[in-house]
Amino acid sequence: MKLTSLIFNKSKNKDTKQNSSQQNSQPVQEVLRTLEGNTSFFKQAFSGSDDLKINDINVRNRSGILVYLETMADKEKIQKNILKPIMEAEPNLVEDVLKSTFQKSDNLFHAQRELLNGACILLFEGSKECYMLDVSISKDRPVQEPSNEQVIQGSHEGFVENLLTNLHLIRKALKTPNLRMENLKIGDQIQSQISLVYREDLANKELIKEFKKRIAGISIDYIPSFGYLQELIEDSTWSPFPQILYTERVDRVVGHLNEGRVAVFIEGSPSCLLIPITFFAFFHSPDDYNSRWIIGSFVRSLRFLSIVIAVNLPAVYIAVIGFHFEVLPDELILPVISSIRNIPFPPLIEALVMELTIELIREAGVRLPSRIGQTIGIVGGLVIGDAVVRAGLISNTMIVVVAITAVAAYSIPASAMSDAVRFLRFILMLLASTFGFVGIAFGTMMILSHLCRLESFGTPYFSPWAPFHFKDLKDTFIRLPIWKFNSRPFDARSTTNDRQSMARGWKFNEKKQK
Amino acid sequence: MIDNLWLEDGSLMKKNKNKVTNKQLVFMIIQAQIGVGILSLPHDVALVAKQDGWISTLLAGVISQVIILIIWGLCRRFPSLSLYQILPNLLGKVLGKFITLSYALYFMVTGSLVLARYSDIIDKWILPRTPNWITMVLVLITCIYIVGAGVTSIARFYVLVSPILFLLIVLISYSLKDANFLYIFPIGGTDLQTIFKGTKEAAFSMLGFELFLFIHPFVQASGKGKLKAITTANIFVTTYYTFMVFASLVYFETNTDIALTPEPLLYMIKAYSFQVLERTDLFFLSLWLIVVATSIANWLFLSAMGFASLFKKIPYTSFLPLVAGIYLVLALLPDQERDFESFNKFLGPSHYIFIIMIPFLLLIVSLVLSKKEEVNRG
C-alpha cells in the first residue's frame, strides 16, 4: 500500500488546485510491453492480494491477460460481456469489437483505479494500450421509502447507497438540460467520490465557488460517510443546530434544487446534503405541499409550537414549581400541590430523571430489532412511568410534562433538529432551576442570539425571521397556497428570483371576462 | 431592502460583513431607546408633572428629535466615519482620543446604572433571595454573547425580539379596562414650567439614539434614508412611552397612588389575572428582561468600541469581557435608592455634555472649518 499512498499524497497538492482536471494530474505509468511486466505491476500494486485474479487468455493466437478483482467483478458478466464477444467475433473484427465495447487507456494507474471500481482489464502481448470494461457486482438495495422520513401522501422514493442510482433518480425527476452534475473527489489516501448537483440557471455561482473552496481545503485520509463531510464543511461546528440539511427523500431534494439550492451526494451514502439551508427548512415535510394549504399551515404551525414546548415546557414547569408558584390560578394549585406534596426530590431532579429515562428508552429502542424495541417501549413507558408514580418518587404532573415534551420533540420531521431541541432542553432546565423565569428568559435569548449569528454558506440561518423578509414568510411556519409562491426564497440566493406568474391564470381570465 | 440587493447580485458574505439595513437601523434605535426606564418612567414623570405627564413625554420626544437632527447633521458630513473616528479627525489626535476615552467612560457609567437598576428590579420583583451580582453576571454574559457577534448579528437579533414590545403594549392595554379617564383632567392644569421639568425626567428615558453616531457607517442607506429611519424610531418610542405614561395616569389617581408606586406599570398588570395565569407581572418582567438586555448590550457595545478605537487593530470584541467586568463593579457600588439619586445627579449634566453639547460643537467646528469627509462617488 505504500506505493498507492505515496502516489496519492503526491497528487494531492495538484488535486486541490485543479479538481476538475483531475485526470490529467494523476501519475502516469505507461503500459509495459511484456505481459510479465504488467502482471508483476498489478501484483505489486495490490501487494499480492488473493482476490486479484490474473488469467491468461488466448484470442486468435494473440496471448493476453485478463485482470480483475474477484471481490469486485461479476464473473458472469466477464463471461457474457468480454469473453463471449471476443471469442465469437470474426478474426479481422476483433479490433473493432475491442474498440466499440471497451474503454481504452495507456496508463496502468488508471487501470488500477478502475480495477478498484470493479472493472476488468484486458491486456495483450506487445500492445501499448489496455482495455477496460465495468463488470462490477451490483448488490444494491432497491429504491424504497426511507424509514426515517415517511410521508402519508406523495412519492415514496428514497435514495440508496449507490451514487449513480441516486443521480438517476434526480435526473429522472428534473428533466432539464440545466441540471448540472459535477463530480469531485475527496480524501487523501482513499478517495471518495462526491457529486454536486444544481440547476445551472438558478444556483448561485458564488455559493458553488465557496463550496468547492471548502472541499479543496479539506485534508483528511478518508471520508466514510456524509457525517464527516458535513462536519468538515459546515460553518460553525460549535453549535447544536445542524447547518446542512440531509435527507433521503428524492422529492425533497428536487424541491430544494428548484429553489436554487445545491445538493451534494456522496458515494456509498443514501443521504443527500442540501446547502444553503435555514432553520425553517428542518420543519418542512413534503406532506405539507401535498395536503390542502390550510391543513398544511396548521400542521406546520403545530410543529413550531412543538419546538417551543419541547425546549421550554419542562423548564417552565420547574420554574413554576421552584420559584413562581403564585402564577398558578387558584383552581390549579390544589391538584398540583397534592401531586407534588410527598415527592422527596426537587423538581429539577425529578425532571432530569424522567427526561433521561425517556432518552434512554429511545436510545435502547433505536438499535434493537423492532420487536424487542416495542417491548422496551412498553416496559420503559408504561411500567416505569406507572411505577415511579406509585412508588411516590416522581409526581404525576411531572410525568404529564415529560410525556408532552417527548411527544413534541419527536414531532419535528428532521431528526438532527429534533436532537438539537432535546439537547437544549437540558440547558434550559438547569437555568430554570437556578433562576426561574429569569433563567428561561436569558437562556431563550442566548439561543435566539445564537441563531442570529449562525450562517449556512453565507446565508443567515434564521432567515426569513432574522434578517426579516416579510415576503418569505409564505413558506416558513405556515404554507400559503402554491399560487402565492411567485418568487423563490431569498435565502437560497438563486440567480433568477421569479418562479411563476399567475399560477392560476384561468381564474384571472375568468374574472377579466366578467 | 439592501439585504435583497446582496442576495440578488450574489456577492457573498465577506463584502457585506457588518452591514445593517435601514429597516434594521429603525429597530436598533428603538431597542436602544426603550430600556430599563420604561417601568419607572410614569412614576418619575408623574411625580413632577402630575396629570400632564403625558404631555411632558410627548415634548421629550420633540426634544430628542431636535438632538437627532443635530446628530444626523454631523453624521451626514462624515458618512463613513463613526463618532470615534470623527473626533480625532476634527479635534486632533490628543484631544480626540481624550474625548473618545471620556465617551467610553460615560457609556460605561450610564450602562452600569442601567444594570444596577435592572438588578434592583429583579431583586424586588422576581428573585429576592438571589444575590444581585449573580443576576448581573447572567445578563452581562448574555450581552457579551449578543454583542460579540458583530453589528449584523446584533441588528438581526434586535429585529427578532422587537415583537416583544407589542406584547408589552397588549398586556398594558388590557389593564385599561379598569381605567378612569377623568384622572388626566384638567389637561394642562399644571403650569408650563412643571411640564418642562417633567420633560427633563422623561428625556433621560429617551436616550439611546446616540447609538446612531456610532453605527451609521454600517448602515446601507442614503443620508435621508437614515434620517427617516431614526425619526421613525424616535416617533415610535415617543408614542410608546406616551402611551405607557398615559395608561398609568388614567389607571392611578395621580396625586396619591402613583407617587407610592415606583413601578406603576407592574402594579397595573399585577392586579389582573387570566383563567390560566395569575401574576401576569412575572411574565411581563420576563419579557421586559429581554428589552433591558438589548439596551445594556448597546452600552456595552458602545463602550467597547470606544476603547477599541483608542488602540490600533484590536477588535472591540476583545474588550468586551474587560468592559463587562468594570460594569459589574460599577453597578455593585450603588446600594440603595438614594445612591441611584446621586448617581443620576452626577449623570444628569454629563448627558447634556455628551449627547447634546459635543455633537453640536463638533457640527459647528466642522461647519466653520468646512471639514468634511471626501466622498468618492462612482
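None of the values given here were measured: they were computed from a predicted structure.

Trainee: I'm lost on the confidence of the model for chain B in this one. Help?
Mentor: Residues and elements named next belong to chain B. Averaged over chain B, the pLDDT score is 84; the fraction of residues at 70 or greater is 92%. The lowest-confidence element of chain B is helix α1 (residues 2-8), averaging 36 in pLDDT; the highest-confidence one is helix α8 (residues 132-147), averaging 92. Segment residues 1-15: pLDDT under 50, and 23 contacts once partners within four positions in sequence are set aside and those in other chains are kept. Under the prediction, the complex receives an ipTM of 0.89, its pTM being 0.86.

Trainee: How do you make sense of the domain arrangement of chain A when you look at a structure like this?
Mentor: Accessible area lost when the parts come together is the quantity often used to give the size of an interface. Residue and element names in this part refer to chain A. In terms of domains, chain A is made up of domain 1 (35-134), domain 2 (163-277) and domain 3 (293-460). Put simply, the middle of domain 2 and the middle of domain 3, counted by C-alpha atoms, are 34 Å apart. Across the contact, 15 residues belong to domain 2 and 13 residues belong to domain 3. Tallying contributions element by element places helix α8 (residues 205-216) first for the side of domain 2 that touches domain 3, with three residues.

Trainee: Help me understand the confidence of the model for chain A, please; the structure alone is not making it clear to me.
Mentor: If pLDDT is low for a region, its predicted coordinates should not be looked at in detail. Summing up the model confidence of chain A, the mean pLDDT is 84 and the portion of residues at 70 or higher is 95%. Segment residues 1-24 of chain A is flagged for pLDDT under 50; beyond a separation of four residues in sequence, or across chains, it makes 22 contacts in the model.

Trainee: Just to check I follow, could you spell out the sheet that holds strand β2 (residues 62-69) of chain A for this structure?
Mentor: Within a sheet, neighbouring strands are paired by backbone hydrogen bonds and run either parallel or antiparallel to one another. Residues and elements named next belong to chain A. Across the sheet, which stays open at both edges, the five strands sit in the order β1-β2-β4-β5-β3 with antiparallel pairing between neighbours. In the strand order of this sheet, the two ends are held by β1 (52-59) and β3 (103-105), each with one partner. Across the sheet, the mean angle from the axis of one strand to that of its neighbour is 25°, orientation sign disregarded. Relative to β2, β1 runs antiparallel, the two sharing eight bridges. Paired with lysine 53 across the bridge in β2 is tyrosine 68. This element, helix α3 (residues 35-45), spans β1, β2 and β4 (119-124) of the sheet and lies at about 5° to β2. Contacting β1, β2, β4 and β5 (130-134), helix α4 (residues 75-88) runs over the sheet at an angle of about 25° to β4.

Trainee: What is the right way to read the pairing of strand β6 (residues 179-186) of chain A from this model?
Mentor: Regular strands place their side chains on alternate faces of the sheet. All names here are of chain A. When β6 meets strand β7 (residues 192-199), the two strands line up antiparallel, connected through eight bridges. Bridge pairing in β7 links methionine 181 to valine 197. Taking the residues between adjacent antiparallel strands as the criterion, β6 and β7 are bridged by five residues, where glycine 187 takes a positive phi near 110°.

Trainee: How should I be thinking about the packing of helix α10 (residues 163-175) of chain B against helix α13 (residues 223-251) of chain B in this particular structure?
Mentor: The geometry of a pair of packed helices is captured by two quantities: the angle between their axes and the separation between those axes. Residue and element names in this part refer to chain B. Contact geometry of α10 with α13 gives a least axis separation of 10 Å together with a crossing angle of 20°. Accordingly, the angle class assigned to the pair α10 and α13 is roughly parallel. Where α10 crosses over α13, the two elements pack in a sense that is left-handed. On α13, the residues that touch Leu165, Ile169, Ile172 and Ser175 of α10 are Tyr240, Phe243, Met244, Ala247 and Tyr251. Split into classes, the residues belonging to the contact of α10 with α13 amount to eight nonpolar, one polar and no charged.

Trainee: Which parts of the structure should I look at to understand the sheet that holds β7 of chain A?
Mentor: All names here are of chain A. Taking strand neighbours across the sheet as the criterion, the five strands line up as β6-β7-β9-β10-β8 in an open arrangement whose pairing is antiparallel. Two strands lie at the open edges of the sheet, namely β6 and β8 (245-247), each paired on one side alone. The sheet shows a mean angle of 25° between the axes of neighbouring strands, taken without regard to direction. Strand contacts of α8: β6, β7, β9 (262-266) and β10 (272-275), with the helix running at about 30° to β9, the strand carrying the most contacts.

Here is what the cut-offs are and how they apply
Residues numbered from 1 in each chain as written. Chains lettered and ligands numbered in written order. Predicted model: local features only at pLDDT ≥ 70, side-chain atom pairs only at ≥ 80, totals over all residues. pLDDT = per-residue confidence, 0-100. Helix = DSSP H or I, 4+ residues; strand = E, 2+ residues; numbered from the N terminus. Contact = placed C-beta atoms within 7 Å. Domains from an automatic or database assignment. Pairing = 2+ DSSP bridges. Axes fitted to C-alpha atoms, helices over the stretch in contact; angles between N-to-C directions. Parallel < 35°, antiparallel > 145°, perpendicular 65-115°, else oblique. Left-handed = near helix turned anticlockwise from the far one by under 90°. Nonpolar A, V, L, I, M, F, W, Y, C, P; charged D, E, K, R; others polar.

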